[in-house]
Amino acid sequence: MRIAPARCALGCSRIWTSATKASRHSAAAAAASSHAQPRGPARSPRRAAVRCAAMAPPAPEQVSANKQYGGWNRRYKHASSALGCDMTFTVYSPPAAEAGGKVPVVWWLSGLTCTDENVIQKSGAQRGCARHGIAFVAPDTSPRGLGVEGEADSWDFGVGAGFYINATVDKWRNWRMYDYITQELPALLAAHFPKLDTGNTSIMGHSMGGHGALTIALKNPGAFKAVSAFAPICNPVNVPWGQKAFSGYLGDADKEGWKQHDASELLAAYKGPKFPLLVDTGSGDSFLQRELRPEALEAAAARSGFPLTSRMQDGYDHSYFFISTFMDEHIDFHAAALKAE
């Protein structure tokens with residue numbers, strides 16, 4: 001089930017669609033994509049723009065900056081209304097953006113136990129992004145610091161394990177990573193990062209984040225120019241990681257509904273516009289058969305006629321040693337789509 005985007009008086013969209021076309025409005029207008037169309041008499045575009053600007057999200061606080069490949073890794077903190085806590089994210093701004101140009105964006109979604117810093121420090125993604133003139137955005141993986149009972153009892157559930165879904169079980173009501181990634185953070189970037197072309201984006205991720213990248217793209221047809229994943233959880237309704245997360249966050253009353261958060265189930269039924277899709281998995285990954293199951297995604301792509309490129313990389317495991325080896329190829333893959341006419 002796809003959430004219908006709400007719109008403000010200027011037509012700003014609330015979630016990913018070509019809608020992060022919001023960048024074509026003023027940055028302030030784009031940021032107001034979090035409110036619904038006003039009731040009452042029609043407003044003039046100028047008055048609507050003032051209303052949007054007034055509701056723009058507050059600017060995030062920069063907490064660190066490190067230069068790399070001529071660009072900058074800048075880490076930020078902000079108060080998240082979707083999650084009810086402070087959140088961090090990192091943006092790598094390539095030299096092209098530092099020189100004043102507007103650049104496309106690759107989103108990265110990280111895996112279990114990670115923060116935004118793992119990929120920034122270990123993957124080498126910045127090298128390819130600098131070469132191609134692409135920004136790289138890395139959010140955190142869950143709410144933090146809420147003090148929910150049991151939130152840190154397991155490494156694969158709770159803190160560091162948001163699974164990029166919206167929890168429906170009341171205890172975990174702050175675990176709304178789908179809304180955070182598809183609505184709140186894009187609006188924040190559109191409002192306060194004018195050098196990012198938030199209407200020209202692609203998405204990628206690792207493990208739990210690979211699951212997130214795949215499902216978010218499949219739920220929002222046309223939103224992303226390309227999608228790729230390293231060792232994604234391809235069929236979570238049938239593996240322990242996914243079953244634990246979905247049972248905890250969504251409850252057991254509607255297990256059929258879990259399929260709406262499963263990339264293989266979504267891809268098998270997908271009817272939207274095709275996009276380039278690349279998946280790399282290591283044959284030496286200890287989670288390959290128990291948790292990842294790329295064969296389920298391959299079978300789903302075959303059923304729906306989707307042009308999936310799924311590669312098994314001999315001997316590689318689940319770590320950033322694997323990710324860093326093939327990261328340049330993935331950034332090249334995204335650059336080709338983002339720069340296509």
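Since this is a predicted model, take the numbers as computed values, not measurements.

Asks: Tell me about helix α11 (residues 294-304), and name the residues and values.
Replies: Of the residues making up α11, those classed as buried are P294, A296, L297, A300, A301 and S304. All buried residues of α11 project into a common sector of 155° when viewed along the axis, lining one side. α11 presents A302 and R303 as exposed residues on the side facing more than 90 degrees away from its buried surface. Among the structural elements, α7 (208-219), α9 (263-268), β8 (277-282), α10 (288-292) and β9 (308-313) are those in contact with the buried residues of α11. Of the residues one or two after α11, G305 is the one with positive phi, at around 70°.

Asks: Account for the sheet that holds strand β7 (residues 227-230), naming residues and giving values.
Replies: Ordered in space as β1-β2-β3-β5-β4-β6-β7-β8-β9, the nine strands form an open sheet in which the pairing is mixed. Every other strand in the sheet has two partners, leaving β1 (61-68) and β9 as the edge strands with one partner each. For this sheet, the mean inter-axis angle between neighbouring strands, taken without regard to orientation, is 20°. Taken together, the four bridges between strand β6 (residues 196-206) and β7 define a ladder with parallel strand orientation. In the strand pairing of β7, M204 is matched with S228. Those strands touched by α11 are β8 and β9, and its axis lies near 155° from that of β9. Seen against the sheet, helix α12 (residues 320-338) touches β4 (103-109), β5 (135-139), β6, β7, β8 and β9 and runs at an angle of roughly 175° to β7.

Asks: Describe the nonpolar core, naming the residues involved and giving the relevant values.
Replies: Formed by 89 residues in total, the largest nonpolar core has its most connected members in F136 and Y249. The dominant element in this core, judged by the number of residues it contributes, is α12, at eight residues. Beyond its immediate stretch of four places on either side in the chain, F136 contacts T90, V91, Y92, V106, W108, V119, I120, A125, C129, M204 and I331.

Asks: Summarise the side chain of E184; cite the residues concerned and give the values.
Replies: Along the polypeptide, E184 turns up in helix α6 (residues 177-192). Buried charge E184 goes without a salt bridge, the closest partner of opposite sign being R176 at 8.9 Å. In contact with E184, other than residues within four places in its own chain, are H78, A79, S80, S81, A82, L83 and D179.

Asks: Break down helix α5 (residues 125-132) for me, citing the residues and quoting the values.
Replies: When α5 is considered as a whole, its buried residues turn out to be A125, Q126, G128, C129 and A130. Positive backbone phi, approximately 70°, marks G133, located one or two places after α5.

Asks: Describe unusual backbone geometry, listing the residues and the values that go with them.
Replies: The backbone phi angle of S207 is positive, close to 55°, even though this residue is not glycine. Looking at the element boundaries, S207 is found in the loop between β6 and α7. By relative accessible area, S207 is classed as buried at 3%. The backbone phi angle of A231 is positive, close to 45°, even though this residue is not glycine. Position of A231 among the secondary structure elements: in the loop between β7 and α8 (240-250).

Asks: Which residues make up the packing of α5 against α12, and what values do they have?
Replies: At a closest axis distance of 8 Å, the pairing of α5 and α12 adopts a crossing angle of 30°. The chirality of how α5 crosses α12 is right-handed. Only M327, D328, I331, D332 and A335 of α12 make contact with α5, whose side of the interface consists of A125, R127, G128, C129, R131 and H132. Taken together, the residues that form the contact of α5 with α12 break down as five nonpolar, two polar and four charged.

Thresholds applied
- The residue numbers shown here count from 1 along each chain, following its written sequence.
- Where totals are concerned, whole chains, interfaces and linings use all residues; where local detail is concerned, this predicted model gives features only for residues with pLDDT of at least 70, and gives and counts side-chain atom pairs only at 80 or more.
- By convention in this description, side-chain values take in all heavy atoms of the structure and omit both hydrogens and water.
- Burial here depends on accessible area, computed with a 1.4 Å probe over protein chains only, as a share of the maximum for the residue type. Under 20% is buried, over 50% is exposed, and the range in between is partly exposed.
- Here a strand is any run of E in DSSP of at least two residues, a helix any run of H or I of at least four, and the numbering for each starts at the N terminus.
- To obtain the arc, one takes the directions from the helix axis to the C-beta atoms.
- Whether two residues are in contact is decided by their heavy atoms: any pair within 4.5 Å suffices.
- DSSP bridges decide pairing: two strands pair if at least two such bridges lie between them.
- Throughout, an axis means a line fitted to C-alpha atoms (over the contacting stretch in the case of helices), and angles, computed between N-to-C directions, take values from 0 to 180 degrees.
- Take the buried Ala, Val, Leu, Ile, Met, Phe, Trp, Tyr and Cys residues and link them wherever side-chain atoms come within 4.5 Å; each set so joined is a nonpolar core.
- A residue counts as positive if it is Lys or Arg and as negative if it is Asp or Glu; His and the chain ends are not included.
- By definition here, a salt bridge exists when the distance from a side-chain nitrogen of Lys or Arg to a carboxyl oxygen of Asp or Glu is within 4 Å.
- The hand of a helix crossing depends on one turn: near helix anticlockwise from the far one by less than a right angle means left-handed, and clockwise means right-handed.
- Classes in brief: Ala, Val, Leu, Ile, Met, Phe, Trp, Tyr, Cys and Pro nonpolar; Asp, Glu, Lys and Arg charged; the others, Gly included, polar.

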